[in-house]
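What follows is the residue order along each chain.
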Amino acid sequence: MIGSAEWDHFSRTSMSMNSTPNPNWAERITWSPDVCNGRPVIRGTRITVRSALDYLAAGDPTAEILGFFPELTHADLSACPAFASQLSDGQGGCLPKAA
């Protein structure tokens, strides 16, 4: 279970991207049973939402994450917390399947 200190850190880290979480996460997050064992990924990549969230939660600066994964954009990263937030709130709806 995540403690309040960890959540506060994650919230500050996620919001430090100079933008609010991407409300249009469905344009950025997708899944396919053939990619990463069906885990949600950032569209067009094999980078899982979980991986992006782990980097953000660890406090890695956005610029550093984008350096590790040059195929990502700020919008891709901001979609991950938005997706997780809606999913945890029971509002995830249907995750778009990759074409």
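Residues numbered from 1 in each chain as written. Predicted model: local features only at pLDDT ≥ 70, side-chain atom pairs only at ≥ 80, totals over all residues. Heavy atoms only, no water.

Details of the overall build of the protein
Going by this rule: Helix numbering and strand numbering both begin at the N terminus, where a helix is a DSSP run of H or I of at least 4 residues and a strand a DSSP run of E of at least 2. We call two residues contacting when some pair of their heavy atoms lies within 4.5 Å. Here, Shrake-Rupley sampling with a 1.4 Å probe gives the accessible areas, and only protein chains in the shown set may cover a residue.
From N to C terminus, the protein includes 4 helices and 2 strands. Of all intrachain contacts in the protein linking residues separated by at least 6 positions in sequence, the fraction that spans at least 24 positions is 59%. Accessible surface, the protein as shown: approximately 6000 Å² in total, 54% of it carbon and sulfur.

As for helix H2 (residues 49-57)
Note the cut-off: Buried means the residue's accessible area, taken with a 1.4 Å probe over protein chains only, is under 20% of the maximum for its type, while exposed means over 50%, and partly exposed covers the values in between. Each C-beta atom gives one direction from the helix axis, and the arc is the one those directions make.
Taken together, the buried positions of H2 are occupied by Val-49, Ala-52, Leu-53 and Leu-56. Across the axial projection of H2, the buried residues extend over an arc of 95 degrees, all falling on one side. Looking one or two places after H2, you find Gly-59, whose phi comes out positive at around 90 degrees.

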